[in-house]
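# Overview (structure and organization)
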Amino acid sequence: MMVITRFAPSPTGNLHIGGARTALFNWLYAKNQGGKFLLRIEDTDKARSEAKYVESILESLDWLGINHDDSLIYQSDRVDKYKEAINNLLESGNAYYCNCSKEDLDKLRSEQQKLGLKPKYDGRNRDKSLEKSADTVVRFKTPLDGEITLNDTLKGPVTVNNKELDDLIIQRADGSPTYNLTVVVDDVEMGITNVIRGDDHLNNTYRQVHMMKALGYKTPTYTHIPLIMGEDRKRLSKRHGATSTYDFRSEGILPISIINYLARLGWAEGDKEKFTLEELVNLFNLKGLNKSASIFDYKKLYSFNKYFIKELEIHDLYKEFMHLTDDFKDFSEVKVIEIIEAQRDRCKTIKEIIEESQFFLSDIFDIDKKLASKFFIKNNESIFDRLSENLSNVEEWTLINVKEVIDTVMHALELDLPNFAKPTRLALTGSLSSPSIDITIYLLGKESCIKRFSAAKILIT
């Protein structure tokens, strides 16, 4: 039987990093098994679902390289399917109408809490055979006796007493279906064989399996993975920092870095830490999943990113660079690639490369007064003069010829590299941090360098 997995996000926000990991694990398992990975947008919650988040989720998955098979499914297009399933449950006696008001349920919950009981619906309308009306919901009849056991591939057999599960609502008073019902119908009709999702869904799974059995459906194989936690061991949220793929991309994290870090955040293949997508597909298996919660380490992610910035093909870096900024839109692709090449070994994010490359944009910039007073002194004026003169005489602008000019000036002025490079770098970039001085001069170009040396001389005290 072909393995078919799915990812089913709700478009109520950008793709959370936990959701991205769930999508990744489902995608990797399907591809490893030669199966299919399907994508379903759970947009039946009209009040909270937004088209902009659908677009954001799809863009994020595409950016990560997690591509779905077959057609994209929208739950909002399948309302008739859900109504049919609800009617089947009503007709078979596995569901019933309930007219409890919010006030009734609030009072019930309050009374149960006072008695130290777990708040849940008490089934008061279960056997009343109420008729449908404007204020009735439909509830599923959860079995009252016995227990239900799931054979989870990660947790092993997990069991709950049916008395712990109340009769959940499967259709609201306005006629719209609820989450647990739609998931049951969709997973079966889409042919899902394996569901890999967070263990916060475990309680839902018991309920969904009950519904599947009531509808005569075959149940998928379930794998409930531990959630991603912050360093305080609480569920990862915005208080910990960036949490969505959108946020991380804006910070200049590469998709391959996210993929690698998420793969290792809950799964392992020996001590190996860095993979290509092809390697991950070939190696991924459910046996390698961790049973304990994973702690999200931002420093580790940035370490991964620094590694891949050095190793990744330059055009992939160029694509992310241009996605994050319009500052260099007037530069040629060749020029931007040269700048990225010069900076890639120095930076841990694409955003940092952009920030460190701002000095290429204009010959006019502010220089810290303390640095200027320290390095723009009479003794260094000859550096700017000699460089301007020698650079102006370079006919063929190559890195080799620039290096020759630097060597000539340093030898003539009897300067070591630090005493030469610091004032030169400050004059050219406005800071003491940049690529090597020869590459910096080469990339700025003859005219720009000469202009900047002239401006620096004005500040000499």
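Placed above this text is the structure.
What you see as residue numbers is a count from 1 along each chain, following the sequence as written. Given that the model is predicted, a residue must reach a pLDDT of at least 70 before its local features are reported, and side-chain atom pairs must reach 80 or more before they are shown or counted; all residues, however, enter totals for whole chains, interfaces and linings. Each side-chain value is derived from all of the structure's non-hydrogen atoms; neither hydrogens nor water enter the calculation.

### What to know about the overall build of the protein
Tallying secondary structure elements over the protein gives 19 helices and 12 strands in all. All radius of gyration figures rest on C-alpha atoms, and the globule criterion is 2.2 Å times the number of residues raised to 0.38. Taking 461 residues into account, the globule formula puts the C-alpha radius of gyration at 23 Å, and the protein, at 31 Å, lies well above it. The cut-offs for exposure are 20% and 50% of the maximum accessible area for each residue type, with area from a 1.4 Å probe on protein chains only; residues under the lower value are buried, those over the upper are exposed, and the others partly exposed. Residues counted as buried form 49% of the 461 residues belonging to the protein. For the protein, the share of sequence-separated contacts (at least 6 apart) that also reach a separation of at least 24 residues comes to 74%. Only the protein chains shown count as cover for residues, and all accessible areas are computed by the Shrake-Rupley method using a 1.4 Å probe. Surface exposure of the protein reaches about 23000 Å², of which carbon and sulfur atoms provide 47%. Working convention for charge: Lys and Arg count positive, Asp and Glu count negative, and His plus the chain ends are omitted. For the purpose of locating charges, the reference atoms are NZ of Lys, CZ of Arg, CG of Asp and CD of Glu. Side-chain charges of the protein comprise 64 positive and 71 negative groups, with the mean position of each set lying 6 Å from the other. Helix and strand assignments follow DSSP, with helices taken as H or I runs no shorter than four residues and strands as E runs no shorter than two, numbered in order from the N terminus. Two residues form a contact once any of their heavy atoms are found within 4.5 Å.

### Regarding the sheet that holds strand S2 (residues 36-41)
A strand pair is defined by DSSP finding two or more bridges across the two strands. Taking strand neighbours across the sheet as the criterion, the three strands line up as S1-S2-S3 in an open arrangement whose pairing is parallel. Two strands close off the open sheet at either side, each with one partner strand: strand S1 (4-7) and strand S3 (73-74). Note: S2 against S3, two bridges, orientation parallel. Residue pairing for S3: Arg 40 is matched across the bridge by Ile 73. Note on definitions: angles span 0 to 180 degrees between N-to-C directions of axes, and those axes are lines fitted to C-alpha atoms, for helices only across the stretch in contact. Sheet strands touched by helix H2 (residues 51-64): S1, S2 and S3. Its angle to S2, the strand with the most contacts, is close to 160°.

### Here's the deal with H2
Take the number of residues in a helix, subtract one, and multiply by 1.5 Å to get its expected span. With 14 residues, H2 should reach 20 Å at 1.5 Å per residue; the first-to-last C-alpha distance of 20 Å fits that figure. Inspection of H2 places Tyr 53, Val 54, Ser 56, Ile 57, Ser 60, Leu 61, Trp 63 and Leu 64 among the buried residues, and these make up the whole buried set. Looking one or two places after H2, you find Gly 65, whose phi comes out positive at around 85°.

### Regarding the layout of surface pockets
Within this model, the largest pocket holds a volume of roughly 740 Å³. We place a 1 Å grid over just the protein atoms. Points where a 1.4 Å probe fits but has no way out form a cavity, open points with protein on both sides within 12 Å along at least 5 of 7 lines form a pocket, and any residue with an atom within 4 Å of a point lines it. Lining of the largest pocket is provided by 29 residues; of these, Phe 7, Gly 18, Gly 19, His 201 and Arg 235 occupy positions nearest its centre. Residue assignment for the lining of the largest pocket shows that the elements contributing at least two residues are S1, helix H1 (17-32) and strand S9 (194-198). In terms of residues, the lining of the largest pocket owes the most to one element, H1, which gives five residues. Charged means Asp, Glu, Lys or Arg here, nonpolar means Ala, Val, Leu, Ile, Met, Phe, Trp, Tyr, Cys or Pro, and polar covers whatever is left, Gly included. Of the residues in the lining of the largest pocket, the class split is 12 nonpolar, 11 polar and six charged. Grid points are joined across faces, edges and corners, and a volume is the space filled by probe spheres set on the points. Each pocket or cavity is described by its volume, and for the second largest pocket that value is around 340 Å³. In terms of lining residues, the second largest pocket is bounded by 15 residues, among which Trp 63, Pro 255, Asp 316, Lys 319 and Glu 320 are the most central. Secondary structure elements with two or more residues in the lining of the second largest pocket: H2, helix H8 (255-264) and helix H11 (314-324). Among the elements that take part in the lining of the second largest pocket, H2 stands out by supplying four residues, more than any other.

### Observations regarding the environment of Phe 420
Here Phe 420 is to be found in helix H17 (residues 417-429). On the basis of relative accessible area, Phe 420 is assigned to the buried category, the value being 0%. Between the C-alpha atoms of Phe 420 and Val 409, which are 11 residues apart in sequence, the distance is 9.0 Å. Residues in contact with Phe 420, not counting those within four places in the same chain, are Ile 383, Leu 387, Ile 406, Val 409, Met 410, Leu 415 and Ile 437.

### Thoughts on the pairing of strand S6 (residues 147-152)
Burial along S6 is one-sided: the face carrying Ile 148, Leu 150 and Asp 152 is buried and the face carrying Glu 147, Thr 149 and Asn 151 is not. In this sheet, strand S7 (residues 156-161) lies alongside S6 in antiparallel orientation, the contact comprising six bridges. Counterpart to Leu 150 in the pairing with S7 is Val 158.

### With respect to the sheet that holds strand S4 (residues 95-98)
The three strands are arranged S4-S5-S8 in an open sheet whose pairing can be described as antiparallel. Edge positions in the sheet fall to S4 and strand S8 (169-171), since each has one partner strand and no second. Across the sheet, the mean angle separating the axes of adjacent strands is 45° when strand polarity is ignored. Inspection of the sheet shows S4 paired to strand S5 (residues 137-140) by four bridges, in the antiparallel sense.

### Examining the pattern of salt bridges
Salt bridge, as applied in this entry: a Lys or Arg side-chain nitrogen positioned within 4 Å of an Asp or Glu carboxyl oxygen. Scanning the entire structure with this criterion turns up 32 salt bridges. Across the pair Glu 189 and Lys 81 runs a salt bridge, and its minimum N-O distance is 3.9 Å. Note that Glu 189 is positioned in helix H5 (residues 179-189) and Lys 81 in helix H3 (residues 79-91), a separation of 108 residues in sequence. Here Lys 81 falls in the partly exposed class, since its relative accessible area comes to 36%. Members of the salt-bridge network, linked through shared partners, are Arg 6, Arg 40, Glu 42, Arg 78, Lys 81, Asp 186, Asp 187 and Glu 189.

### Looking at the nonpolar core
For soluble globular proteins, nonpolar side chains are generally found buried alongside one another. Only buried residues count toward a nonpolar core, which is a set of Ala, Val, Leu, Ile, Met, Phe, Trp, Tyr and Cys residues joined through side-chain atoms within 4.5 Å. Judged by nonpolar contacts, the single largest core of 91 residues is most densely connected at Leu 24, Ile 66, Ile 258, Phe 296 and Phe 376. Looking at this core, the element that brings in the most residues is H1, giving nine residues. Counting 31 residues, the second largest nonpolar core, distinct from the first, contains Tyr 82, Ala 95, Tyr 97 and Val 160.

### Some thoughts on the packing of H1 against H8
Closest axis-to-axis distance for the H1/H8 pair is 10 Å, and the angle between their directions is 80°. It follows from the interaxial angle that H1 and H8 lie roughly perpendicular. Contact with H1, carried on its side by Ile 17, Ala 20, Arg 21, Leu 24 and Phe 25, involves Ile 258, Ile 259, Leu 262 and Ala 263 of H8 and no other residues of that element. For the contact of H1 with H8, the class distribution of residues is eight nonpolar, no polar and one charged. In this scheme, roughly parallel covers angles under 35 degrees and roughly antiparallel covers those over 145, while 65 to 115 is roughly perpendicular and the rest are oblique.

### Side note on the pairing of S2
In terms of residue burial, S2 counts as a mostly covered element, since five of its six residues are buried. As judged from the four bridges shared by S1 and S2, these two strands associate in the parallel manner. Within S2, the position partnered with Ile 4 by the bridge is Lys 36. Whether a crossover is right-handed comes down to one check: with the strands pointing away from the viewer, does the path from the first strand over the helix to the second run clockwise; if it does, it is right-handed. With respect to chirality, the unit in which S1 leads through H1 into the neighbouring parallel S2 is right-handed. Read from S2 through H2 to S3, the crossover connection turns out right-handed.

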